[in-house]
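Each chain is listed here by its residues.
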Amino acid sequence: HPDKNKDPNAEDKFKEIAEAYDVLSDPKKRAVYDQYGEEGLKTGGGSSGNTGNTFHYTFHGDPHATFASFFGGSNPFDIFFTSGRSRVFNGFDHDDMDIDEDSDDPFGAFGRFGFNGLSGVHRRHPEPIHMRRKVQDPPVVHELKVSLEEIYHGATKRMKITRRRLNPDGRTVRTEDKILNIVIKRGWKEGTKITFPKEGDATPDNIPADIVFILKDKPHPHFRRDGTNIIYTAMISLKEALCGCTVNIPTIDGRVIPLPCSDIIKPGTVKRLRGEGLPFPKVPTQRGDLIVEFKVRFPDRIAPQTRQILKQHLPCS
């Protein structure tokens, strides 16, 4: 460019390059040039026998105008030394674009070159280009406590969240509330995750986070959970453990099942009520078991005569 090259022939070379670009960028001119050469392009035909070609070409003589039409301005160096937020190319303001660039990097503009010139510059109506890829925020995780009855029957919980959302202009945000309906299916295990995609805070520069709820069993007054089985601890006396008894066992659905215990209840003894546990998550019509453990209450003291009787009658081993 003559503005930068002070060689005496720079202006002539610049004009030749501009003229070549003017011809080669026009399909009609290029076709004539390819067939008849430069002379044929300027005289309107190649050989005298060709009478059908009436095309005549004359360069407009303003290489700077050609240069400006390619680079989008008369100064080719604006692309490198002008802030991306203030450039306007062919009437297109790049402030409308989301551009990830380091303003301190003088070579950052080279990334916008393509094989056909400057990307988005030589087009008459360029489309918006989002050069910064938005990244989704990490999930927002909440613990959701549920009772065993809710796991047994299934339930729907309503959770109110407050989040920021983008306004229609795509730049400003507003605060709004939303109710999330969390459907808890029968038999779901502790640790099950329920995800609401992209319900987190939104900003012009991010993809909203997913809202994730993780099921956590509430402590139960009677039962504890073991997968689809539930465990109940029955309290019995030493007399009941040795002489037998009937223990009333509550169930998760509110019933009471009498459990006869005729054998001696030893430490670690368990009894199993089949099909009285929680539903299987994938087959809710089938259920786990209710497992009964026993805890024996020992007396704090016994009378001397009772002690003698026990010594006489209880086996040594």
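Along every chain, residues carry numbers that run from 1 in the direction the sequence is written. It should be noted that, the model being predicted, local features are given only for residues of pLDDT at least 70 and side-chain atom pairs only at 80 or more, the latter also being counted only at that level, while totals for whole chains, interfaces and linings use all residues. The side-chain figures draw on all heavy atoms in the structure; neither hydrogens nor water molecules are used.

**Observations concerning the overall build of the protein**
Just so we agree on the cut-off: In this description a helix means any DSSP run of H or I spanning at least four residues, a strand means any run of E spanning at least two, and both kinds are numbered starting from the N terminus. Buried means the residue's accessible area, taken with a 1.4 Å probe over protein chains only, is under 20% of the maximum for its type, while exposed means over 50%, and partly exposed covers the values in between. Note on contacts: a residue pair qualifies if any of its non-hydrogen atoms lie within 4.5 Å across the two residues.
Looking only at helices and strands, one finds seven helices and 17 strands in the protein. Looking at the protein as a whole, 32% of its 317 residues qualify as buried. Taking the contacts inside the protein whose residues are at least 6 apart along the sequence as the reference set, 54% of them involve residues at least 24 apart.

**Quick look at the nonpolar core**
Inside soluble globular proteins, nonpolar side chains tend to come together where they are buried. For the record, the criterion: What is meant by a nonpolar core is a set of buried Ala, Val, Leu, Ile, Met, Phe, Trp, Tyr and Cys residues, joined one to another through side-chain atoms within 4.5 Å.
Judged by nonpolar contacts, the single largest core of 34 residues is most densely connected at Ile-184, Leu-215, Val-247, Ile-249 and Phe-294. Broken down by element, this core gets its largest block of residues, four residues, from strand β13 (residues 229-237). With residues near it in sequence (within four places) discarded, Phe-294 still touches Ala-234, Ile-236, Val-247, Leu-259, Cys-261, Ile-265, Thr-269 and Lys-271.

**A few points about the pairing of strand β14 (residues 245-250)**
As a reminder, the rule being used: We treat two strands as partners when DSSP finds at least two bridges between them.
For β14 and strand β15 (residues 256-261), the ladder comprises six bridges, and the chain directions are antiparallel. Looking at the pairing, Cys-245 lines up with Cys-261 of β15. Here β14 folds back onto β15, and the loop between the two strands holds five residues, one of which, Gly-254, carries a positive phi near 95°.

**A closer look at the sheet that holds strand β6 (residues 140-146)**
Strand pairing within a sheet occurs via backbone hydrogen bonds; the two strands may be parallel or antiparallel. Operational definition: In this analysis an axis means a line fitted to C-alpha atoms, helices contributing only their contacting stretch, and an angle means the value between N-to-C directions, from 0 to 180 degrees.
Reading across the sheet, the three strands line up as β6-β11-β9 and stay open at both edges, with mixed pairing between neighbours. The two strands at the open ends of the sheet, each matched to only one other strand, are β6 and β9 (193-196). Strand-to-strand twist across the sheet, computed as the mean angle between neighbouring axes with direction ignored, equals 25°. By the bridge criterion, four bridges tie β9 to strand β11 (residues 211-217) in an arrangement that is antiparallel. Looking at β11, one finds that Phe-196 is bridged to Ile-211.

**Points about a nonpolar patch on the surface**
The test is simple: Exposure above 30% relative accessible area and the absence of a salt bridge qualify a residue for a patch, where like charges join within 9 Å and nonpolar side chains (Val, Leu, Ile, Met, Phe, Trp, Tyr) within 5 Å. For the accessible areas, the method is Shrake-Rupley and the probe is 1.4 Å, while residue cover comes only from the protein chains on display. Salt bridge, as used here, is a side-chain nitrogen of Lys or Arg placed within 4 Å of a carboxyl oxygen of Asp or Glu.
A grouping of Leu-242, Ile-264, Ile-302, Leu-310 and Leu-314 is seen on the molecular surface, where their side chains present a nonpolar patch of about 400 Å² in accessible area. Structurally, the position occupied by Leu-314 is in the segment after α7 (304-313).

**Examining the confidence of the model for the protein**
Rules: What pLDDT expresses is the predictor's confidence in each residue, scored from 0 to 100.
Residues at a pLDDT of 70 or more form 68% of the protein, whose mean pLDDT is 77. Every residue in residues 47-52 is under pLDDT 50, and counting partners more than four places away or in other chains gives one contact. In this model, residues 78-127 is a region of pLDDT below 50 whose contacts with residues beyond four sequence positions or in other chains number 66 contacts.

**Quick look at the sheet that holds strand β12 (residues 223-226)**
The strand order β12-β13-β17-β16 describes an open sheet built from four strands, whose pairing is mixed. The sheet terminates laterally at β12 and β16 (270-273), the two strands that pair on one side only. Pairwise comparison of adjacent strand axes, ignoring direction, gives a mean angle of 30° for this sheet. Across four bridges, the pairing between β12 and β13 is antiparallel. Its bridge partner lying in β13, Arg-225 is registered against Ile-230.

**Describing the packing of aromatic side chains**
Where we set the bar: Stacked, tilted and edge-to-face are the three classes applied to pairs of Phe, Tyr and Trp rings, where Trp contributes its six-membered ring and a pair requires centres within 6.5 Å; stacked means planes under 30 degrees apart, edge-to-face means over 60, and tilted covers the rest. For a Lys NZ or an Arg CZ to count as sitting over a ring, it must be within 6 Å of the ring centre and within 35 degrees of the ring normal.
Counted by the stated rule, this structure contains two aromatic pairs. Consider the rings of Phe-223 and Tyr-232, whose centres lie 6.0 Å apart with planes at 55°: the pair is tilted. Considered together, Phe-223 and Tyr-232 belong to a single accessibility category, that of buried residues. Over the aromatic face of Tyr-152 sits the side chain of Arg-186, whose NZ or CZ is 5.4 Å from the ring centroid.

**Things to note about unusual backbone geometry**
Phi is positive for Lys-198, which is not a glycine, with a value near 55°. When you line up the elements, Lys-198 lands in the loop between β9 and β10 (206-207).

**So, the pattern of salt bridges**
This model, assessed by the stated rule, comprises 15 salt bridges. Among the salt bridges present, the one from Glu-176 reaches Arg-174, with a minimum N-O distance of 3.5 Å. Here Asp-253 makes a salt bridge to Arg-255, at a shortest N to O gap of 3.0 Å. On the basis of relative accessibility, which here comes to 28%, the residue Asp-253 falls in the partly exposed class. Through salt bridges that share partners, Arg-163, Arg-174, Glu-176, Lys-178 and Glu-199 make up one connected network.

**So, the state of the cysteines**
Our working definition: When two cysteine sulfur atoms lie within 2.5 Å, the pair is treated as a disulfide.
Counted according to the given criterion, the structure contains zero disulfides. The thiol of Cys-243 is not disulfide-bonded; the next cysteine sulfur, from Cys-245, is found 9.5 Å away. Take Cys-261: it sits in no disulfide, and the sulfur closest to it among the cysteines is that of Cys-245, at 4.8 Å.

**As for the side chain of Glu-276**
With respect to the helices and strands, the residue Glu-276 is situated in the loop between β16 and β17 (290-297). Discounting chain neighbours no more than four positions away, the residues touching Glu-276 are Ile-230, Thr-251, Ile-252, Arg-255, Ile-257, Arg-287, Gly-288, Asp-289 and Leu-290.

**With respect to the side chain of Arg-165**
To be explicit about the condition: Here the positive residues are Lys and Arg and the negative ones are Asp and Glu; neither His nor the chain ends is included. Two N or O atoms form a polar contact when they lie within 3.5 Å of each other; inside protein one atom must be a possible hydrogen donor and the other a possible acceptor, and for residues adjacent in sequence the pair counts only when both atoms belong to side chains.
Relative to the helices and strands, Arg-165 resides in strand β7 (residues 155-166). For the buried residue Arg-165, which engages in no salt bridge, the nearest side chain bearing the opposite charge is Glu-176, 4.2 Å off. Here Gly-200 takes part through its backbone oxygen, which lies 2.6 Å from a polar atom of the side chain of Arg-165. Ignoring any residue separated from it by four or fewer positions in sequence, one finds Arg-165 in contact with Thr-172, Val-173, Arg-174, Glu-176, Lys-198, Glu-199, Gly-200, Ala-202 and Pro-208.

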